[in-house]
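Tertiary structure, described
What follows is the residue order along each chain.
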Amino acid sequence: MTGSRSSGANPPSKMVHFRQPVLLLSDLNLRHDFYELDYLSENDRTRFAIQLEARREVLKCLLELNLKIYLKEVTGGLWEKKGKEVKTSSLSG
């Protein structure tokens, strides 16, 4: 979707736009293959999936991206800070 709007309507003032390159799968060697997944039932564990280390890397990147988006939304006023304060020291960049 492009950034232009034909209607000329302005987005709501609290809408946060997050434009950052998301994890490029071409940067990872996903090593698709048939793997036994220990969290499935014993008689049906084999699935065509990505390798465990690649899965961990994808999940790590998604977690970091989720936290960055959340922090941007907090600074944009979309979330009220309740309870614990949001840690920003764990982010790099």
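Residues numbered from 1 in each chain as written. Predicted model: local features only at pLDDT ≥ 70, side-chain atom pairs only at ≥ 80, totals over all residues. Heavy atoms only, no water.

As for the pattern of salt bridges
Here is the rule we go by: A pairing counts as a salt bridge when a side-chain nitrogen of Lys or Arg comes within 4 Å of a carboxyl oxygen of Asp or Glu. Strands here are runs of E lasting at least two residues and helices are runs of H or I lasting at least four, both read from the DSSP assignment and numbered beginning at the N terminus.
On inspection of all chains with the given rule, the structure shows 2 salt bridges. For Asp44, the salt bridge goes to Arg47, with nearest N and O atoms at 3.2 Å. A salt bridge links Glu53 to Arg56; the nearest nitrogen and oxygen atoms lie 2.6 Å apart. Of this pair, Glu53 and Arg56 both sit in helix α1 (residues 52-75), separated by 3 residues, roughly a single helical turn.

Here we look at α1
Which entries qualify depends on this criterion: By definition here, a helix of n residues has an expected span of 1.5 Å times n minus one. Throughout this description, buried means an accessible area under 20% of the type-specific maximum (1.4 Å probe, protein chains only), exposed means over 50%, and partly exposed covers the range between. Any pair of nitrogen or oxygen atoms within 3.5 Å is treated as a polar contact; in protein, a donor-acceptor pairing is required on top of that, and neighbouring residues in sequence qualify only through side-chain atoms on both sides.
Here α1 contains 24 residues, and its C-alpha end-to-end distance of 35 Å stays within 8% of the 34 Å for a straight helix at 1.5 Å per residue. Buried within α1 are the following residues: Ala54, Val58, Cys61, Leu65, Lys68, Leu71 and Val74. Where α1 begins, the side chain of Gln51 points an oxygen toward the backbone nitrogen of Glu53, at a separation of 3.1 Å. Directly after α1, the chain includes Gly77, whose backbone phi takes a positive value near 85 degrees.

Thoughts on the side chain of Gln51
Counted only if it meets this: In this description, contact between two residues means that some pair of their heavy atoms is separated by no more than 4.5 Å.
Within the secondary structure layout, Gln51 lies in the loop between β2 (46-49) and α1. Residue classification places Gln51 among the buried residues on the basis of a relative accessible area of 16%. In terms of polar contacts, Gln51 uses its side chain to reach the side chain of Arg31, at 3.4 Å. Those residues in contact with Gln51 that lie beyond four places of it in its chain are Leu30, Arg31 and Tyr35.

Let's talk about unusual backbone geometry
In this model, Arg31 sits at a positive phi of 50 degrees, which is unusual for a non-glycine residue. Mapped onto the fold, Arg31 is located in the segment before β1 (33-36). Since its relative accessible area comes to 46%, Arg31 is described here as partly exposed.

Remember, this is a structural readout, not a statement about activity or role.
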